Amino acid sequence: MISKENNEELIENPTKDEVKQAVFGLNSESAGGRDGFTGLVFQKCNPLSPTLFILAAEALSRGLNALNENLWFTGFVLLKWSPKINHLSYADDTIIFSSSCEISLGLIMNVLKNYEQASGQLINKSKSSIYLHDRVDNEVFQKVERITGIARKNFPLMYLGCPIFYARPQMSFYSELISKVRNRLQGWKGKLLSFGGRAILLKHVLQAMPMHLLSAIDPPSFVIEKLHKIFAQLFWSNTISERGTHWTKWYTVCLPQDEGGLGFRSLSDMSMALCAKLWWNLRTKPFLWSPRMGSALLWVDNWPGLGPLYFLTPSDFYCNEEINNVFDVVTQGRWHVPAIRNNLPEELAEYILNEVQPPAKPDELDKP
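Note that the structure is a prediction, hence the values are computed from the model and not measured.

**Brief notes about the nonpolar core**
Item 1. By size, the foremost hydrophobic cluster in this structure holds 28 residues, and its most contacted members are Leu202, Phe231, Trp250 and Phe264.
Item 2. Contributing elements (two or more residues each) for this core: α7 (175-186), α8 (195-204), α9 (211-216), α10 (221-237), α11 (250-253) and α12 (267-284).
Item 3. Ranked by residue count, the leading element in this core is α10, at nine residues.
Item 4. Not counting the four nearest positions on each side in its chain, Leu202 is found in contact with Gln207, Phe231, Leu234, Phe235, Trp250 and Phe264.

**As for a nonpolar patch on the surface**
Item 1. Together, Leu71, Trp72 and Ile103 make up a nonpolar patch on the protein surface, roughly 420 Å² of accessible area in all.
Item 2. Looking at the element boundaries, Ile103 is found in helix α5 (residues 102-119).

**Some words on empty space enclosed by the protein**
Item 1. This model, assessed by the stated rule, comprises two cavities of 30 Å³ or more.
Item 2. In this structure, the second largest cavity occupies an estimated 30 Å³ of space.
Item 3. Together, Leu177, Pro210, Leu213, Leu214, Pro219, Val223, Ile224 and Leu227 line the second largest cavity.
Item 4. Elements supplying a minimum of two residues to the lining of the second largest cavity: α9 and α10.
Item 5. By residue class, the composition of the lining of the second largest cavity is eight nonpolar, no polar and no charged.

**Overview of the environment of Ile352**
Item 1. Within the fold, Ile352 resides in helix α15 (residues 346-355).
Item 2. Judged by relative accessible area, Ile352 falls into the buried class, the value being 1%.
Item 3. Separated by 17 residues in sequence, Ile352 and Trp335 place their C-alpha atoms 8.8 Å apart.
Item 4. Excluding its chain neighbours within four sequence positions, the residues that come into contact with Ile352 are Trp303, Trp335, Ile340 and Leu344.

**A few points about the packing of aromatic side chains**
Item 1. Tallying each qualifying case throughout the model produces seven aromatic pairs.
Item 2. Cluster of aromatic residues (ring-pair linked, three or more members): Tyr131, Phe155 and Tyr166.
Item 3. The aromatic ring of Phe141 is capped on one face by Arg152, whose charged end is 3.5 Å from the ring centroid.
Item 4. Over the ring of Phe264 we find Lys203; its NZ or CZ atom is 5.7 Å from the centre of that ring.

Rules and cut-offs
Residues numbered from 1 in each chain as written. Predicted model: local features only at pLDDT ≥ 70, side-chain atom pairs only at ≥ 80, totals over all residues. Heavy atoms only, no water. Core = buried A, V, L, I, M, F, W, Y, C linked by side-chain atoms within 4.5 Å. Buried < 20%, exposed > 50% of the residue type's maximum accessible area, 1.4 Å probe, protein only. Helix = DSSP H or I, 4+ residues; strand = E, 2+ residues; numbered from the N terminus. Contact = heavy atoms within 4.5 Å. Patch = residues over 30% accessible without salt bridge, like charges linked within 9 Å, V, L, I, M, F, W, Y side chains within 5 Å. Areas by Shrake-Rupley, 256 points an atom, 1.4 Å probe, with all protein chains shown as cover. Salt bridge = Lys/Arg side-chain N within 4 Å of Asp/Glu carboxyl O. 1 Å grid on protein atoms, 1.4 Å probe; cavity = no way out; pocket = protein on both sides within 12 Å on 5 of 7 lines; lining within 4 Å. Points joined across faces, edges and corners; volume = space filled by probe spheres on them. Nonpolar A, V, L, I, M, F, W, Y, C, P; charged D, E, K, R; others polar. Phe/Tyr/Trp six-rings, centres within 6.5 Å; stacked < 30°, edge-to-face > 60°. Lys NZ or Arg CZ within 6 Å of the ring centre and 35° of its normal.

Take it as geometry only, folks, not as evidence of what the structure does.
This is how it looks when you write it as structure tokens:
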């Protein structure tokens, strides 16, 4: 039973010392929560700092989004009908997309300057970088560096631990992950570990390190094979600098114990499973990138199954740019026949009306 005195103690506001004790009792090295902040942020900063930071970041995001309404601003887009996205942000990591237009770059720098004056936070240009295609003229690079005051770097761009690049994948793009695995092994070198001890370290430490990367992207097979080689050398020889006798293939070791293996996780299988999970989330949750048919672009996506309508229509055919999505030609779950016939050639219009099912409502997602 809780007495009246105990109840009053429970509902009493905590003192400053109690709050301080709770904050400094947080693990400063733990992973961040949904807001991206670890216990170290609360220990080093004012308790209101995370909230103030989020408010300031929201102001910066809205300022950058407002540039899309400026007629003088030329953003970075791939297609005429693609969504206007000029930045991506997570906590204090931000990527800004822009053209090399001098006026557009100046508008972006004005937004950043206003953000610095309003929030009191300064953009660390020494830790910032600009990325352009390797075939861009040096004059363009010099112009961008002069306007922004930020130095140029070459791809790949590391964002949230994942490499971003446009050319063929190379082993050097994933060197950071491989180096982390090797560095973790340095503390174990020379230790006399049994097979059971090495198995525990592999299962619960080394094989967990690539999971973040595998959950976001699908690395090439040679990267996974390199990691498997490191795992196998450690397991069979207790070190990666010496060659030991591998009594069986790593594929066999990764089989379940009831099938003759040791229960190690194959990174190839994990990559396939995590890619399937990512695909399922895109199909069943309302993301910006959800590939639902109704949210497909009418002219440039292959929603009818024959190819993009932009390339199926004759070269002299006028594409109505006011119609962007497939839902623009759907009414009450049915094709809007006049809109289809008036905006498409006769053969394509007949094929869509007779052979293609209209999409579901915009708020309907795939069901498990």
